[in-house]
Amino acid sequence: MSYGDAMNATNSRTRREERRGEIVRAALEVIAERGYRGASLAAVAERVGLTQQGLLHYFPTKDALLVAVLEERDQWDAVPDSRWRVDLLASLVEYNAMRPGIIQTFSALLGESVTDGHPARDYFSERYVRVRANMAGVLRAEYGDRLPNGLTPERAAPLLVAVMDGLQYQWLLDPESVDMPGAFRDFLALLGEGAQEGEEAQEGKEA
């Protein structure tokens, strides 16, 4: 292959990847507006100026496009497991409050995925297994084998995940009334409840 042919091939791959990115972003918007069931390949194609047949050259099925949407979202939130800390979780919630479209899409897919046969059901089931394990690791790094309230990290992890995702639904429905970052910080304070009292008691003994 000549240098010119190699450059043309590289440019072609770059354009294809850029086009795929446009389609995924359009799919995020359509799913956020209509839900996965109501979103059609035709609607996504129209939004990026393609025919439905043209879109199928990039994503042969609706399920393939859904997988790409979920993978794209994961890339935006990607942080090495070893770098997660409790304070970074609070920062993530604050970041989510600045991108309602992405959170709306994720929440719409999550709600629909509990139905039998939904193409995202396995994705979310596997995701929650992974996220609970990651959150247990975060809590163990912060508090050790027991949180100040007596729970183990493994028992507290599902509560932590439930609060993060549950707050998103409340915030999406009524963003003026629900302070999502503030409520999450309040929950973190509850998880660590007893730590300050223990420190104060120790200081009293030393005095």
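Higher on the page you've got the structure.
Just so you know, these numbers come straight off a predicted model, no measurement behind them. (Residues numbered from 1 in each chain as written. Predicted model: local features only at pLDDT ≥ 70, side-chain atom pairs only at ≥ 80, totals over all residues. Heavy atoms only, no water.)

**Student:** Help me out: how do you make sense of the packing of aromatic side chains in this one?
**Tutor:** All told, the structure shown has two aromatic pairs when counted by the stated rule. With a centroid separation of 5.4 Å and 70° between ring planes, the pair formed by Phe106 and Phe124 is classed as edge-to-face. Linking Phe106 in helix α6 (residues 100-112) with Phe124 in helix α7 (residues 121-143), this pair joins segments that are 18 residues apart in sequence. Take Phe106 and Phe124: they sit in the same class, and that class is buried. On the numbers, 5.0 Å between centres and 80° between planes, the contact of Tyr123 with Phe124 is edge-to-face. Both residues of the pair, Tyr123 and Phe124, belong to the buried class. (Phe/Tyr/Trp six-rings, centres within 6.5 Å; stacked < 30°, edge-to-face > 60°. Helix = DSSP H or I, 4+ residues; strand = E, 2+ residues; numbered from the N terminus. Buried < 20%, exposed > 50% of the residue type's maximum accessible area, 1.4 Å probe, protein only.)

**Student:** Just checking my understanding: could you explain helix α9 (residues 180-191) for this structure?
**Tutor:** A turn of α-helix holds 3.6 residues, and therefore any two residues three or four places apart point the same way. When the terminal C-alpha atoms of α9 are compared, their 17 Å separation across twelve residues agrees well with the 16 Å that a helix rising 1.5 Å per residue should span. Inspection of α9 places Met180, Pro181, Gly182, Phe184, Phe187, Leu188 and Leu191 among the buried residues, and these make up the whole buried set. The secondary structure elements touched by the buried residues of α9 are α5 (86-96), α7 and α8 (153-173). Residue Asp179 occupies the N-cap position of α9, its side-chain oxygen lying 3.1 Å from the main-chain nitrogen of Gly182. (Expected span 1.5 Å × (residues − 1). Contact = heavy atoms within 4.5 Å. Polar contact = N/O pair within 3.5 Å; in protein donor to acceptor, adjacent residues only side chain to side chain.)

**Student:** Just to check I follow, could you spell out the nonpolar core for this structure?
**Tutor:** Here is a general trend for soluble globular proteins: nonpolar side chains tend to be buried in one another's company. By size, the foremost hydrophobic cluster in this structure holds 57 residues, and its most contacted members are Leu160 and Phe184. Elements with a contribution of two residues or more to this core: α1 (3-38), α2 (41-47), α4 (62-76), α5, α6, α7, α8 and α9. Setting aside residues no more than four positions away along its own chain, Leu160 makes contact with Leu89, Met135, Leu139, Phe184, Phe187, Leu188 and Leu191. (Core = buried A, V, L, I, M, F, W, Y, C linked by side-chain atoms within 4.5 Å.)

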